[in-house]
Amino acid sequence: MSSPLRTVPPSPTASDRTTPTGSYRDVGVFLAVVFALPWLLWVVEQVTGIRILYFAAMLCVAVATFVAVRWVRRPASIPQATALVPVRPVGRLVRYCLLTIGIFLAASALTVALNAVTGVFPADLTGFSALRHAYAPETLGQTGVPWDVVLTALGANLVQFALILPLAFCEEWGWRGYLLNRFRDRMGTWPALILTGFICGPWHLPFYIGPWFSMGAAERQSIIPFTIFCTLFGVLLGLLRLASGSIWPAVVGHAVNNTVIFGFVHVVVADQAAQPSINAWLTGLSGWQGWLVLLVPIGILAATGVVRRADRERPAAPPPPPAAA
């Protein structure tokens, strides 16, 4: 039986018909499109007042990916070049997806526990005030574990998880499917993992900017720790993508982070009275305790040799074009 963390070797047919050979013009096109489109959506949102940025920006990553691979790079196989395959054996892929869910749920729960134990963000294990406030405000003030509210909240987040999966795919197809591979060709795996994750931080900047390019105190306080979180989050998703050989575990991890973790795990035992004092540098996975927690699975995956095997099994990057005479 093979190791559960053994990387899947890419198919030799994944070699590219890139023109010109060794050109990275497609990366520049991707970055230009992926950063420009959310700002165009931001302008539309500011003018019309219609909140479209959150969902439509995720689609922008897929648009940028399609433009870069279909019209600029033109690989022999887009699914192979962007880690859409392999998906078989299906059982192995399912195990990786479940492993990804387990990693993120455990990391989030541990962070919530650390926040509570250290007093960074207190837990309310008597009234479950944040949970009641979000999902059953008519029960505020009651005590005891509200199992019916817990199940309601979990069910709502599982529905959201299913609904957001296509949007999570749009992002991961670009970040971990396309861009990670291209950066690996240029600079190697670890710099590519870190840079791909880091880029996602400033990519979110339109979400932080208000009318007339204003930025409130909360946004100014949170953009830097959020970028650090994006970097670590991206490295972890990238390692899981390399270990599994495809982007689907990363898609699942992204979706569960945006729904079940933020909408359930971070809420279920939180104290509603402490919500106004949330500090992005301290609380949740974006806080420094969350960073330390995320480093644990990153270190474990790295220690299994995921990167070393992925580098050994990856086809060589195309050589640079010859210098003009």
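See the structure shown above.
Predicted, not measured: the structure shown is a model, and the values here were computed from it.

*Asks:* Explanation requested: the nonpolar core in the structure shown.
*Replies:* Counting residues in each nonpolar core, the largest one holds 82 residues, and the members touching the most others are F30, F104, W175, L179, F229, L236 and L239. Top contributing element to this core by residue count: helix α6 (residues 147-187), with 14 residues. Of all hydrophobic cores here, the second largest spans five residues; its members include A130, V267, A270 and A274.

*Asks:* Sorry if this is basic, but what is going on with helix α7 (residues 189-203) here?
*Replies:* Residue pairs spaced three or four apart in an α-helix point in one direction, given the helix's 3.6 residues per turn. Spanning 15 residues, α7 covers 21 Å between terminal C-alpha atoms, matching the ideal 21 Å at 1.5 Å per step. Among the residues of α7, T189, A192, L193, T196, G197, I199, C200, G201 and W203 are the ones counted as buried. Summarising the contacts, the buried residues of α7 are in contact with α1 (25-48), α2 (53-73), α6, α8 (217-244) and α11 (306-313).

*Asks:* Just to check I follow, could you spell out unusual backbone geometry for this structure?
*Replies:* Note on backbone geometry: most residues besides glycine have negative phi, and most peptide bonds are trans. Residue P86 is bonded to the preceding V85 through a cis peptide linkage, with omega at 10 degrees. Mapping P86 onto the fold places it in the loop between α3 (78-81) and α4 (90-117). Of the consecutive residues R88 and P89, the connecting peptide bond is found in the cis state with omega at 0 degrees. Take P89: it is sitting in the loop between α3 and α4. Its identity is not glycine, yet R74 carries a phi of approximately 55 degrees, on the positive side. Mapped onto the fold, R74 is located in the loop between α2 and α3. Residue F213 is not a glycine yet carries a positive backbone phi of 60 degrees. Assessed through its relative accessible area of 58%, F213 is described here as exposed.

*Asks:* What's the story with the packing of aromatic side chains in this structure? I'm lost.
*Replies:* Scanning all chains against the criterion turns up 16 aromatic pairs. For the pair F30 and Y178, a centre-to-centre distance of 5.0 Å together with 50 degrees between the ring planes defines the contact as tilted. Of this pair, F30 sits in helix α1 while Y178 sits in helix α6, and the two are 148 residues apart along the sequence. Accessibility assignment for this pair places F30 and Y178 in one class, buried. Ring centres of F229 and F233 lie 5.2 Å apart, and the angle between their planes is 25 degrees; this geometry places the pair in the stacked category. One end of the pair, F229, and the other, F233, are both in helix α8, four residues apart, so they sit about a helical turn from each other. One exposure class covers both F229 and F233, and it is buried. Within the aromatic cluster, the residues linked to one another by ring pairs are F30, W175, Y178, W203 and F207.

*Asks:* Even after reading the chapter, I still don't get the environment of T231, so can you show me in this structure?
*Replies:* By the secondary structure assignment, T231 is in helix α8. In this structure the C-alpha to C-alpha distance between T231 and C200, which are 31 residues apart in sequence, comes to 7.5 Å. Those residues in contact with T231 that lie beyond four places of it in its chain are I194, G197 and F198.

*Asks:* Would you mind showing me how to read the packing of α7 against α8 here?
*Replies:* Any two packed helices are characterised by how steeply their axes cross, that is the angle between the axes, and by the distance between the axes. It is the contact of α7 with α8, at a shortest axis distance of 7 Å, that shows an interaxial angle of 135 degrees. Overall, the two elements α7 and α8 adopt an arrangement that is oblique. As for the relative orientation of α7 and α8, their crossing is right-handed in sense. Between α7, through T189, W190, L193, I194, G197, F198, C200, G201 and P202, and α8, the contact on the second element is made entirely by I223, T227, C230, T231, G234, V235, G238, L239 and L242. Considered class by class, the residues forming the contact of α7 with α8 number eleven nonpolar, seven polar and no charged.

Parameters at a glance
Residues numbered from 1 in each chain as written. Predicted model: local features only at pLDDT ≥ 70, side-chain atom pairs only at ≥ 80, totals over all residues. Heavy atoms only, no water. Core = buried A, V, L, I, M, F, W, Y, C linked by side-chain atoms within 4.5 Å. Buried < 20%, exposed > 50% of the residue type's maximum accessible area, 1.4 Å probe, protein only. Helix = DSSP H or I, 4+ residues; strand = E, 2+ residues; numbered from the N terminus. Expected span 1.5 Å × (residues − 1). Contact = heavy atoms within 4.5 Å. Phe/Tyr/Trp six-rings, centres within 6.5 Å; stacked < 30°, edge-to-face > 60°. Axes fitted to C-alpha atoms, helices over the stretch in contact; angles between N-to-C directions. Parallel < 35°, antiparallel > 145°, perpendicular 65-115°, else oblique. Left-handed = near helix turned anticlockwise from the far one by under 90°. Nonpolar A, V, L, I, M, F, W, Y, C, P; charged D, E, K, R; others polar.

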